[in-house]
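The primary structure of each chain is shown beneath.
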Amino acid sequence: MRNNRKTFLPFSKPCIGKDEIKAITECLSSGWITAGPGTARFESAFAKYVGTTFALSLTSGTAALDLGLTSLNLKPGDEVITPSLTWLSGPNMIVLKRAKPVFVDVNVNTRNIDIEQVEKAISPRTKAIIPVHFAGQPCDLDPLLNICKKHGIALIEDAAHAAGCEYKKRKIGSIGDLAIFSFHPIKNLTTAEGGMVTTRNEQLAARIKLLRWHGVNKDPWKRNKGIGTARYDTIEPGWKYNFTDLQASLGLVQLNKLNKMNEQRRRLAMHYQKLLSDTEGIALPKEVTYPHKHSWHLYTVLVETEKIGITRDDFMEHLKARNVGTGLHFLAVHKQSFYQKNFPVKLPNTEYISERIMSLPLFPDMTEHDVVYVVEAIKDVIKEYGRRN
Ligand SMILES: *Cc1c(COP(=O)(O)O)cnc(C)c1O
């Protein structure tokens, strides 16, 4: 292999340019930095982009899941179906409502929730399904919507990976009862931290809007402008989950270039697919067969330990020694201490993936040379440490 890179290639890096810096500087000078006119502009632009009626910004994707689940009025013992191959946010928020996460296995190739397993997991206590559009590839929503309709349960899409993703020509965020997005720095669109709920349901939107600011029916920006009175009224106790105009100023710039950033992600991912196609011991992600647009939030491969005799964890260390960063999406939630103790279950595909998956560097400002370097590093690791047949 050629000389080691001089600098570390991270697995992700936010794509921040002059326009974001200009926008945030203007917001800082404007005299209003928390939720206000900028936030309202970002919300309408986001709703328009995904093609839905309401977009409500929040402090994080986790907060979005929290209020999304709250708006469904879960009772203790109610069940919510979720994959275990996900970030902890969904399961944690379910448990914190005293509801029960019902973990369902995923498809090995797409890593999305297995619809047949979902159907089998439905019970009279099921209140919602939270599919995750893993790595930015849409779940098969039509059969999921049918299941929800048949049983009268809600579909909350975890779209944290899916900004710009499409299912059968429709943008993710315009389909389920609720969809939640995350604007954490590793996501396709970032506002440093932040999240969004989208919905067409006016009642759910109104409830979430109320709950994100103390449960109070008052708009502080209007008060600042001298519109309305100083009185406020608590309709029900709520949270303090509002966005800020500082975040919105970043979000508006990022939303404008989202399609371009996703296109660059796709090009890099295709380059990986090509260069890694016949690498013994590395299983590549497969695309679904129904019409879709992948947002390529992550490019994940499986380290086939039984073929090459290297564990995923060791593989990641060897890549790090070659200045290549990797990510781990995800360790199975049901194998984490708390969940193993309280909600034990066996999920063969999820367990298989969880011990073999790694995310390779993928971000818009990366180059095809970087991809070539990563691929060479992978082949070098296999040559040096792999089992010799
Ligand atoms: C990032 C992520 C979240 C949570 O988003 P935050 O903004 O970090 O709270 C939820 N679900 C999935 C699948 C994620 O990747």
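Note that this is a predicted model, so its numbers are computed, not measured. (Residues numbered from 1 in each chain as written. Predicted model: local features only at pLDDT ≥ 70, side-chain atom pairs only at ≥ 80, totals over all residues. Heavy atoms only, no water.)

Q: Describe unusual backbone geometry, with residues and values.
A: Phe-330 follows His-329 through a cis peptide bond whose omega is 5°. Along the chain, Phe-330 turns up in the loop between helix H12 (312-321) and helix H13 (337-342). Here the phi dihedral of Asn-73 falls at roughly 55°; this positive angle occurs in a residue that is not glycine. When you line up the elements, Asn-73 lands in the loop between helix H3 (61-70) and strand E2 (79-83). (Helix = DSSP H or I, 4+ residues; strand = E, 2+ residues; numbered from the N terminus.)

Q: Mind laying out the pairing of strand E3 (residues 100-104), listing which residues take part and the relevant values?
A: Of all five residues in E3, four are buried, a share of seventy percent or more. The parallel pair E2 and E3 is bridged by helix H4 (residues 89-96), and the resulting crossover is right-handed. (Buried < 20%, exposed > 50% of the residue type's maximum accessible area, 1.4 Å probe, protein only. Right-handed = clockwise from strand over helix to strand, strands pointing away.)

Q: Can you break down the site of the ligand residue by residue, with the values?
A: The immediate surroundings of the ligand are formed by 14 residues, with Gly-61, Thr-62, Asp-158, Ser-182 and Lys-187 found nearest. Within the side chain of Asp-158, one N or O atom sits 2.7 Å away from a nitrogen atom of the ligand. Here His-161 contributes a side-chain N or O atom positioned 2.8 Å from an oxygen atom of the ligand. When isolated, the ligand has an accessible area of 380 Å², and the protein chains bury 92% of it. Split by residue class, the shell around the ligand holds four nonpolar, eight polar and two charged. (Near = heavy atom within 4 Å. Polar contact = N/O pair within 3.5 Å; in protein donor to acceptor, adjacent residues only side chain to side chain. Areas by Shrake-Rupley, 256 points an atom, 1.4 Å probe, with all protein chains shown as cover. Nonpolar A, V, L, I, M, F, W, Y, C, P; charged D, E, K, R; others polar.)

Q: Give a detailed account of the environment of Met-270, specifying residues and quantitative values.
A: On the secondary structure map, Met-270 appears in helix H10 (residues 258-275). For the pair Met-270 and Asp-245, spaced 25 residues apart in the sequence, the C-alpha separation amounts to 36 Å.

Q: So, the domain arrangement of the protein: which residues are in play, and what are the values?
A: Each assigned domain of the protein is listed with its residue range as follows: domain 1 (18-255) and domain 2 (259-388). One C-alpha centre belongs to domain 1, the other to domain 2, and the line joining them spans 27 Å. In this complex, domain 1 contributes 39 residues to the contact, which on the side of domain 2 involves 38 residues. Viewed at the interface, domain 2 and domain 1 are joined by zero salt bridges. The interface formed by domain 1 and domain 2 contains 25 residue pairs in polar contact (both at pLDDT 80 or more). Those elements giving two or more residues to the side of domain 1 that touches domain 2 turn out to be H4, E3 and strand E6 (166-167). Element by element, the count of residues in the side of domain 1 that touches domain 2 is highest for E3, at four residues. By residue class, the composition of the side of domain 1 that touches domain 2 is 20 nonpolar, twelve polar and seven charged. (Domains from an automatic or database assignment. Contact = heavy atoms within 4.5 Å. Salt bridge = Lys/Arg side-chain N within 4 Å of Asp/Glu carboxyl O.)

Q: Provide a residue-level description of the pairing of strand E4 (residues 126-129), including the pertinent values.
A: Across three bridges, E2 lies against E4 in parallel orientation. Bridge pairing in E4 links Ile-81 to Ile-129. In terms of strand pairing, E4 meets strand E5 (residues 154-158) through two bridges, oriented parallel. Its bridge partner being in E5, Ile-129 is matched across the sheet by Leu-155. Viewed along the sheet, the connection from E4 through helix H6 (residues 141-151) into E5 turns out right-handed. (Pairing = 2+ DSSP bridges.)

Q: An account of helix H9 (residues 245-256) is needed here, citing residue identities and associated values.
A: Between its terminal C-alpha atoms H9 stretches 16 Å, which fits the 16 Å expected from twelve residues at 1.5 Å a residue. When you tally the buried positions in H9, you get nine out of twelve residues, the bulk of the element. On its buried face, H9 sits against helix H1 (18-29), helix H2 (37-50) and H10. (Expected span 1.5 Å × (residues − 1).)

Q: Let's hear about the nonpolar core: which residues, and what values?
A: In terms of nonpolar packing, the biggest core is built from 42 residues, with Phe-42, Phe-46, Ile-81, Ile-129, Leu-144 and Phe-181 touching the most fellow members. Elements with a minimum of two residues in this core: H2, E3, helix H5 (115-121), H6, strand E8 (178-182), H9 and H10. Tallying contributions element by element places H2 first for this core, with five residues. Residue contacts for Phe-46: discarding those within four places in its chain leaves Ala-55, Phe-181, Phe-183, Leu-189, Met-196, Thr-198 and Leu-255. Core analysis: the second largest hydrophobic core is formed by 30 residues, Ile-282, Ile-310, Phe-315 and Leu-319 among them. (Core = buried A, V, L, I, M, F, W, Y, C linked by side-chain atoms within 4.5 Å.)

Q: Please provide a residue-by-residue account of the pattern of salt bridges, values included.
A: As enumerated under the stated definition, the model contains 21 salt bridges in all. Measuring nitrogen to oxygen at the nearest pair gives 2.7 Å for the salt bridge that ties Glu-20 to Lys-257. Linking Glu-20 in helix H1 with Lys-257 in the loop between H9 and H10, this pair joins segments that are 237 residues apart in sequence. Several salt bridges share partner residues, and in doing so they unite Asp-78, Arg-125 and Lys-127 into one network.

Q: How would you explain the side chain of Glu-79 if you had to name every residue and give the values?
A: In this structure, Glu-79 sits in strand E2. Here the side chain of Glu-79 touches Ser-123 through a polar contact of 2.8 Å, side chain to side chain. Setting aside its immediate chain neighbours within four residues, Glu-79 contacts Lys-100, Val-102, Ala-121, Ser-123, Arg-125, Thr-126, Lys-127 and Ala-128.

Q: A description of the sheet that holds E2 should follow, citing residues and the corresponding values.
A: Taken in spatial order, the seven strands line up as E1-E9-E8-E5-E4-E2-E3 in an open sheet, and their pairing is mixed. Two strands close off the open sheet at either side, each with one partner strand: strand E1 (54-58) and E3. Strand-to-strand twist across the sheet, computed as the mean angle between neighbouring axes with direction ignored, equals 25°. Relative to strand E9 (residues 195-199), E8 runs antiparallel, the two being bridged by four bridges. (Axes fitted to C-alpha atoms, helices over the stretch in contact; angles between N-to-C directions.)

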